[in-house]
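The residues making up each chain are set out below.
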Amino acid sequence: MHQTIDATLGINLLHANQSLANLNRAEFDDWGVYCLNLMSSPGAGKTVLLEKTLAALSGQLQMAVIEGDMTTELDAERLRQYDVPVIAINTGRSCHLDAKMVAGGMHSLEHDYEPADLDLVFVENVGNLVCPAEFEVGEHAKVALLSITEGEDKPLKYPVMFQEADCLLLTKIDLAPYLEIDLDRIIQSVRQMNPNVRIFPVSAKTGEGLDPWFKWVQLQVALRQQSAKGAAVQELVW
Ligand SMILES: Nc1nc2c(ncn2[C@@H]2O[C@H](COP(=O)(O)OP(=O)(O)OP(=O)(O)O)[C@@H](O)[C@H]2O)c(=O)[nH]1
Ligand SMILES: [Mg+2]
Ligand SMILES: [Zn+2]
């Protein structure tokens, strides 16, 4: 009985979150902004990847970050050095961002900056390989990171994250010589559960593999902007 009540509450919670996430996405669309949600275990390299990405794409895209952490603004402070708007959200005891929290972050962004000037908003989720994958926040695509130090079995043990991801970065590949790890085995097991996922093996430390990731990000933004223009033209035609 308790299990049934728990399951019903869980489903209602996820439905309510999904409706709000859809509203957030519609608002991003109104702003003309593309949103990527970065998710991984603690320490897989989300903030370092963002640092490299903000530095590499600063001449080409106007970016902002919504930074989720349980406590502290440590990551937000690191990212503010890149001269982009960074909205910090402390989740307290919650181990993921939800759509309501991100709606609050978007509100702050709107209040303090001109969101229509932006092309891209990154959300850095709380480090956690489980529930961030279940709670959409209004993103257009989900980016999962898996550090190769975490072990080959993680996609099988925590499947939802890898099933839901549009893009997977296998991070810290500079450490491969020190580990007994079969990258191809990880890639194969992820592909089996998610054949369409884009996979980028990267090292933020050496820079290896980052260029294809930067290009993928730019392409997603360009495709979104093109389809938004297409929709506007369609409306005029009708
Ligand atoms: N060797 C190596 N270390 C890395 C790489 N990327 C990140 N690290 C290190 O991994 C640690 C964690 O990196 P962060 O970027 O803070 O990880 P995170 O996913 O943002 O962590 P949380 O926000 O706490 O979940 C830091 O000590 C980084 O220097 C990499 O490509 N190679
Ligand atoms: Mg971080
Ligand atoms: Zn959680």
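Quick caveat, the model's predicted, so the values are computed rather than measured. (Residues numbered from 1 in each chain as written. Chains lettered and ligands numbered in written order. Predicted model: local features only at pLDDT ≥ 70, side-chain atom pairs only at ≥ 80, totals over all residues.)

S.K.: Can you break down the overall build of the chain residue by residue, with the values?
M.R.: When you go through the chain residue by residue, the secondary structure sums to 8 helices and 7 strands. Computed over its C-alpha atoms, the radius of gyration of the chain comes to 18 Å, within 12% of the 18 Å expected for a compact globule of 238 residues. Each principal axis of the C-alpha distribution contributes one length, and for the chain these read about 55 × 55 × 40 Å. Looking at the chain as a whole, 39% of its 238 residues are labelled buried. Partitioning the intrachain contacts of the chain with sequence separation of at least 6 by distance along the chain shows that 76% fall at a separation of at least 24. (Helix = DSSP H or I, 4+ residues; strand = E, 2+ residues; numbered from the N terminus. Rg over C-alpha atoms; globule rule 2.2 N^0.38 Å. Buried ≥ 20, exposed ≤ 12 C-beta atoms within 10 Å, placed from the backbone. Contact = placed C-beta atoms within 7 Å.)

S.K.: Which residues make up the nonpolar core, and what values go with them?
M.R.: Counting residues in each nonpolar core, the largest one holds 60 residues, and the members touching the most others are V121, F122, V123, A144 and L169. Look past the residues within four positions of F122 in its chain and what remains in contact with it is L36, L38, L50, M63 and V65. (Core = buried A, V, L, I, M, F, W, Y, C linked by C-beta atoms within 7 Å.)

S.K.: Quick one: what's the story with helix α2 (residues 46-57), residue by residue and with numbers?
M.R.: With 12 residues, α2 extends 16 Å from end C-alpha to end C-alpha; this agrees with the ideal 16 Å at 1.5 Å per step. Among the residues making up α2, those that are buried are K46, T47, L49, L50, K52, T53 and L54. (Expected span 1.5 Å × (residues − 1).)

S.K.: An account of the site of ligand 1 is requested, with residue identities and associated values reported.
M.R.: Ligand 1 sits among 17 residues. The nearest are G45, K46, T47, V48 and G127. Of the residues contributing to the shell around ligand 1, the split by class is 5 nonpolar, 7 polar and 5 charged. (Near = placed C-beta within 6 Å. Nonpolar A, V, L, I, M, F, W, Y, C, P; charged D, E, K, R; others polar.)

S.K.: Tell me about the sheet that holds strand β3 (residues 86-90), residues and numbers included.
M.R.: Sheet strands pair via backbone hydrogen bonds, and the direction of the pair is either parallel or antiparallel. Pairing within the open sheet is parallel, and its 7 strands lie in the order β3-β2-β4-β1-β5-β6-β7. The sheet is open, and its two borders are formed by β3 and β7 (198-201), each paired with just one other strand. When the angles between neighbouring strand axes are averaged without regard to direction, this sheet yields 20°. Direction of pairing for strand β2 (residues 63-69) relative to strand β4 (residues 120-124): parallel, over a ladder of 5 bridges. Paired with E67 across the strands is E124, a residue of β4. Of the strands in this sheet, β1 (34-39), β2, β4, β5 (141-147) and β6 (167-171) are in contact with α2, which crosses β4 at around 165°. (Pairing = 2+ DSSP bridges. Axes fitted to C-alpha atoms, helices over the stretch in contact; angles between N-to-C directions.)

S.K.: Hey, could you go over the pairing of β4 for me, with residue numbers and the actual values?
M.R.: The buried fraction of β4 is high, at 5 of 5 residues. In β4, alternate side chains face the same way, and those of L120, F122 and E124 on one face and V121 and V123 on the other are all buried.

S.K.: I'd like to hear about the environment of Y113, residue by residue, with values.
M.R.: Following the sequence through the fold, Y113 ends up in the loop between α4 (99-112) and β4. By the C-beta count within 10 Å, which is 15 here, Y113 ends up partly exposed. With 28 residues separating them in the primary sequence, Y113 and P85 have C-alpha atoms 7.6 Å apart. Filtering out sequence-adjacent residues up to four positions away, Y113 remains in contact with A64 and P85.

S.K.: Break down the environment of N37 for me, citing the residues and quoting the values.
M.R.: Within the element layout of this structure, N37 appears in strand β1. Using a count of 29 C-beta atoms within 10 Å as the deciding quantity, one classes N37 as buried.

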